[in-house]
Amino acid sequence: MLRRSGEPLVFGEAFVNDLRDEANEAFAHFTDRLNGNTMFITKHTLGSLFDCEAHYLAPDEFEWTPARAKGQVSHRAIQLLINWRGEPVPSDLVDDAVARLINEERGLGMWLESIGPADEADLRAQACDLVTKFMECFPPLDPRSRPVTESSTQWPVDGPILLRGRSDLTIGRPVGRESRKLIVDLKSGRVVARHREDLRFYALVETLSRQVPPRLLASFYLDAAQAVTEDVTEGLLRSALRRTLDGINALIELQVEDRPATKSPGASCRWCPLASTCAEGQAYLSADDDPNR
Ligand code: SF4
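Computed from a predicted structure; not experimentally measured.

Thresholds, definitions, all that
- As a convention, each chain's residues are numbered from 1 in the sequence order in which they are written.
- Selection of residues for local features in this predicted model requires a pLDDT of at least 70, selection of side-chain atom pairs for listing and counting requires 80 or more, and totals for whole chains, interfaces and linings are taken over all residues.
- Computation of side-chain values covers all heavy atoms of the structure but excludes hydrogens and water.
- At least two DSSP bridges between two strands are needed for those strands to be called paired.
- Segments assigned H or I by DSSP are reported as helices when at least four residues long, segments assigned E as strands when at least two residues long, and all are numbered from the N terminus.
- What marks off one domain from the next here is an automatic or database domain assignment.
- We call two residues in contact whenever any of their non-hydrogen atoms come within 4.5 Å of each other.
- Accessible-area loss on putting two parts together, using a 1.4 Å probe and summing over both, is the definition of buried area adopted here.
- Each salt bridge in this description consists of a side-chain nitrogen of Lys or Arg and a carboxyl oxygen of Asp or Glu lying within 4 Å of one another.
- Counted as a polar contact is a pair of N or O atoms within 3.5 Å, where, for protein atoms, one must be capable of donating a hydrogen and the other of accepting one, and residues adjacent in sequence contribute only when both atoms are in side chains.
- In this count, Pro and Cys sit with the nonpolar residues alongside Ala, Val, Leu, Ile, Met, Phe, Trp and Tyr, while Asp, Glu, Lys and Arg are called charged and the others, Gly among them, polar.
- To obtain an axis, a line is fitted to C-alpha atoms, over the contacting stretch when the element is a helix, and the angle between two such axes runs from 0 to 180 degrees between their N-to-C directions.
- Take the far helix as the reference: if the near one is turned anticlockwise from it by less than a right angle, the crossing is left-handed, and if turned clockwise, right-handed.
- Side-chain atoms within 4.5 Å link the members of a nonpolar core, which is a set of buried Ala, Val, Leu, Ile, Met, Phe, Trp, Tyr and Cys residues.
- Residue burial is assigned from relative accessible area. The probe radius is 1.4 Å, only protein chains are included, and a residue is buried under 20% of its type maximum, exposed over 50%, and partly exposed in between.
- When at least one non-hydrogen atom of a residue lies within 4 Å of a molecule or strand, that residue is treated as near it.
- Oblique is the label for any angle not covered by the other classes, which are roughly parallel (under 35 degrees), roughly antiparallel (over 145) and roughly perpendicular (65 to 115).
- Think of a 1 Å grid over the protein atoms and nothing else: a 1.4 Å probe that fits but is trapped marks a cavity, an open set flanked by protein within 12 Å on at least five of seven lines marks a pocket, and residues with an atom within 4 Å of a point count as lining.
- Grid points are joined across faces, edges and corners, and a volume is the space filled by probe spheres set on the points.
- To estimate the expected span of a helix, count its residues, drop one, and scale the result by 1.5 Å.

### A word on the pairing of strand β8 (residues 226–231)
Bridge count for strand β7 (residues 216–221) against β8 is six bridges, and the pairing is antiparallel. In the sheet register, Tyr 221 faces β8, and the bridge partner there is Gln 226. With antiparallel pairing between neighbouring strands as the criterion, β7 and β8 make up a hairpin whose turn holds four residues, including Ala 225 at a positive phi of roughly 55°.

### A look at the domain arrangement of the protein
Domain assignment breaks the protein into domain 1 (9–50 + 143–247) and domain 2 (66–137). Placing the centre of domain 1 and that of domain 2 at their C-alpha centroids yields a distance of 26 Å. Facing the 11 residues of domain 1 at the interface are nine residues of domain 2. For the pair domain 1 and domain 2, the two sides together bury roughly 980 Å², of which 70% comes from carbon and sulfur. Among the residues of domain 1 in contact with domain 2, Thr 149, Leu 186 and Leu 222 are the three that bury the most area, contributing 48% of the side total. The tally of links between domain 1 and domain 2 comes to one salt bridge. Our count for the domain 1 to domain 2 interface comes out at two residue pairs in polar contact (both at pLDDT 80 or more). At the level of secondary structure, the elements contributing two or more residues to the side of domain 1 that touches domain 2 comprise β3 (148–155) and β4 (161–171). Class assignment for the residues of the side of domain 1 that touches domain 2 results in six nonpolar, two polar and three charged.

### Some thoughts on the packing of helix α5 (residues 90–104) against helix α6 (residues 107–114)
Two elements in contact, α5 and α6, have axes separated by 7 Å at closest approach and are oriented at 115°. Crossing of α5 over α6 shows left-handed handedness. Residues Val 98, Leu 101 and Ile 102 of α5 lie in contact with α6, whose contacting residues are Leu 108, Gly 109, Leu 112 and Glu 113.

### Some remarks on the nonpolar core
If you look at the biggest cluster of nonpolar residues, it comprises 37 residues, and the most contacted ones within it are Ile 41, Leu 163 and Ile 248. Contributing elements (two or more residues each) for this core: α1 (13–33), β2 (39–41), α2 (43–51), β4, α8 (193–210) and α9 (234–255). With 10 residues, α9 is the largest single contributor of residues to this core.

### As for the side chain of Glu 53
Summarising the element assignment, Glu 53 is placed in helix α3 (residues 53–57). Accessibility expressed as a relative area gives 10% for Glu 53, which makes it buried. Excluding residues within four positions of it along the chain, Glu 53 makes contact with Ala 250, Leu 254, Arg 259, Pro 260, Ala 261 and Thr 262.

### Considerations on the site of the ligand
Every residue lining the ligand is accounted for by Cys 52, Ala 54, His 55, Ser 264, Pro 265, Ser 268, Cys 269, Cys 272, Leu 274, Ala 275, Cys 278 and Gly 281. Residues of the shell around the ligand, tallied by class, amount to eight nonpolar, four polar and no charged.

### Quick look at the packing of α1 against α9
It is the contact of α1 with α9, at a shortest axis distance of 11 Å, that shows an interaxial angle of 5°. By the angle class used here, α1 and α9 are roughly parallel. In this structure, α1 uses Phe 15, Asp 18, Leu 19, Glu 22, Ala 23, Ala 26, Phe 27, Phe 30 and Arg 33 to contact α9, whose residues at the interface are Glu 234, Leu 237, Arg 238, Leu 241, Arg 242, Leu 245, Ile 248, Asn 249, Ile 252 and Glu 253. Among the residues forming the contact of α1 with α9, the class breakdown is 11 nonpolar, one polar and seven charged.

### Topic: the pattern of salt bridges
Taken as a whole and judged by the stated rule, the model has 23 salt bridges. Here Asp 95 ties to Arg 124 by a salt bridge, and the two come within 2.7 Å at their closest N and O atoms. In this pair, Asp 95 sits in helix α5 while Arg 124 sits in helix α7 (residues 117–137), placing the two residues 29 residues apart along the sequence. Under the relative-accessibility criterion, Asp 95 is labelled partly exposed at 33%. In the salt-bridge network here, residues are joined through shared partners; they are Asp 18, Glu 22, Arg 238, Arg 242 and Asp 246.

### Things to note about the side chain of Glu 206
When you line up the elements, Glu 206 lands in helix α8. For Glu 206, a relative accessible area of 5% gives the class buried. For Glu 206, the contacting residues outside a window of four places in its chain are Thr 153, Lys 181, Gln 211, Val 212 and Pro 214.

### Comments concerning empty space enclosed by the protein
A full pass over the atoms with the stated rule returns three cavities of 30 Å³ or more. If you trace the largest cavity, you find 14 residues lining it, with Cys 52, Cys 269, Cys 272, Cys 278 and Gly 281 closest to the centre. Elements with a minimum of two residues in the lining of the largest cavity: α3 and α10 (279–289). Residues that form the lining of the largest cavity fall into these classes: eight nonpolar, four polar and two charged.

### Here we look at α7
For α7, spanning 21 residues, the distance from its first C-alpha to its last is 30 Å, which sits close to the expected 30 Å at 1.5 Å a residue. For α7, every residue scored as buried is listed here: Leu 123, Ala 127, Cys 128, Leu 130, Val 131, Lys 133 and Phe 134. Next to the buried residues of α7 lie α4 (66–82), α5, α6, β4 and β6 (182–187).

And the structure:
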């Protein structure tokens, strides 16, 4: 399902140049409206903004828990796995991943250093589960297929607005203008539409920076051991650029030009810090809990 088949996929140079020109032109207009501010746009920025603007702007009350940390710990363990010589076991990989994250002294590392034995055991169990599932789903990856984990992409190289992606796993590389790269996001939960938008954003940043689009995008659901894939097309890349530019425009309106934020009730009301005082959120949550609905 993830392997290449059929005719080689080659996007026209004119199409890629046109996409970059459109992005450059829009960024120039946005820069005029920024009043010296800067913006760092990721898939999380766009996903959260389009979920609900009011929630996006609310103070961040994020706290680490084993359930929230399992993704980053397991991804770091998988990063070690891809480059490990021999046959590592998941628990060793997770222990090494935790030790390395602690050494990095970022927010997650500081939390990992402070947790008690019960949270540590809980986290290890959940992360080992994901790493084990990954090992079951993916055979050892041939180094010749250029597997890379946590690979960062950015466009442009510098400026007040930067687009930045960081994919869980990429396999393959372009050969000349032929698109051969597969971008994979590993998921531990259920399928949601936002996952597809996240990968389209990665494909856009890859295209703008490398000038050769990837060939295929895959959200790989570890619990179900199944990938949901999408071919990269000109239409997909144009739509991803449109969504990204719409997001940047909305951010400038909200953060520089003082437009009031809209409220969009939905699944994110469940973890929104504004939920207790938000009429729209309360109405959504009541209806969602109604067994007769
Ligand atoms: S409760 Fe829901 S609608 Fe209200 S601000 Fe939060 S996410 Fe938006």
